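What follows is each chain in one-letter form.
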Amino acid sequence: ALCGRLGALCWSLAPLALPLPLPGWQRGPAPSPAAPAAPRRKREERDDAAPTPTSVNYHFTRQCNYKCGFCFHTAKTSFVLPLEEAKRGLAMLKEAGMEKINFSGGEPFLQDRGEFVGQLVRFCKEELKLPSVSIVSNGSLIRERWFKKYGEYLDILAISCDSFNEDVNVLIGRGQGKKNHVENLHKLRQWCREYAVAFKINSVINRFNVEEDMNEQIKALNPVRWKVFQCLLIEGENTGEDALREAEKFVISDEDFEQFLDRHKDVSCLVPESNQKMRDSYLILDEYMRFLNCRNGRKEPSNSILDVGVEAAIKFSGFDQKMFLKRGGKYVWSKADMKLDW
């Protein structure tokens, strides 16, 4: 927590040009004042054009109240950007072509009891006019008053649910005292109906839930999408000497994953994502607004977009735009276009 406060202090002093680097921050080289400005050319005319950040996942916090054993974005820092700096970065991404922003963590609703993510959601929809704004959450901290205040600005709420057996959820790490994760999931589903927010479910298929039959429960909840991920190992996050998790015991084979998918092939909203599809087809921003490159099996950060700009940073993201499109990364993601019966 102290590191987070020191980081925020550094940001507040940044206009004074004091040499106060943030913990883990990678600053890019300062532009040379003597260098002439390069003529602007259209992105498509360049041979070395950077990919367009059409859809971005902003993990603005690593802190979480759950301890999922396979988590691949763990609480290595407590840093969160000051709100205005986060907004500045989001505006830069919109200028670079962003159409969809997804806020994730950690747990997004931990920061200021959901006010931080709420203000970012409203900013992206009201001021940036983004077609799609979404959140991924474990759902444990969301209250109805949040929907009343910010629901109109949110297109999609994705809730992580890996099992409909509460004992399995506890084994995985999705447990919080006496609260029942599955009961809470149904309550959130109802609020999404009442406040016109598209409801989505994310599930990580692992050794503890791979034999489960979720057909009836998913059909009853009727999400717009059921994203099903294969458990993924990331060096330094959930595997390796410097990792905060040991996810090896959760890993399943490709064959196991395919059998789970085959068992649920009649669920129309099912969107499967194997490790091959997932690893390089997401644009991930960390808490410092650095793109994370996962191509080498670990998360290698670029310079922050706040320091070097979006185009310079995204070139080091390892993003596979073709795989993004192949896995169906671009879909009908604005609730205004879904025409749902809430």
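Under an unreviewed UniProt entry, the name given to the protein is S-adenosylmethionine-dependent nucleotide dehydratase RSAD2, and the organism recorded is Anseranas semipalmata. Quoted verbatim from the Sequence similarities (unreviewed entry) field of UniProt, the annotation for the protein is "Belongs to the radical SAM superfamily. RSAD2 family." Comment text from UniProt for the protein, heading Cofactor (unreviewed entry), reads "[4Fe-4S] cluster".

Participant: Would you mind going over the overall build of the protein in detail, with residue names and values included?
Facilitator: Secondary structure assignment for the protein yields 13 helices and 10 strands. Residues classed as buried in the protein amount to 53% of the 342 residues present. Pairs at least 24 apart in sequence give 75% of the contacts found in the protein among residues at least 6 apart. Accessible surface for the protein amounts to roughly 16,500 Å². Of this, 50% is attributable to carbon and sulfur atoms.

Participant: Please give an account of the pairing of strand 3 (residues 132-137) that cites residues and values.
Facilitator: Across the 6 residues that make up strand 3, a large majority, 6, are buried. Pairing of strand 2 (residues 100-104) with strand 3, which is carried by 4 bridges, proceeds in the parallel orientation. By the bridge assignment, Asn102 is partnered in strand 3 with Ser134. Relative to strand 4 (residues 156-160), strand 3 is paired through 4 bridges, and the arrangement is parallel. The residue of strand 4 that forms the bridge with Ser137 is Ile159.

About the thresholds
Residues numbered from 1 in each chain as written. Predicted model: local features only at pLDDT ≥ 70, side-chain atom pairs only at ≥ 80, totals over all residues. Heavy atoms only, no water. UniProt positions renumbered as here; feature names shortened; annotations may be inferred. Helix = DSSP H or I, 4+ residues; strand = E, 2+ residues; numbered from the N terminus. Buried < 20%, exposed > 50% of the residue type's maximum accessible area, 1.4 Å probe, protein only. Contact = heavy atoms within 4.5 Å. Areas by Shrake-Rupley, 256 points an atom, 1.4 Å probe, with all protein chains shown as cover. Pairing = 2+ DSSP bridges.

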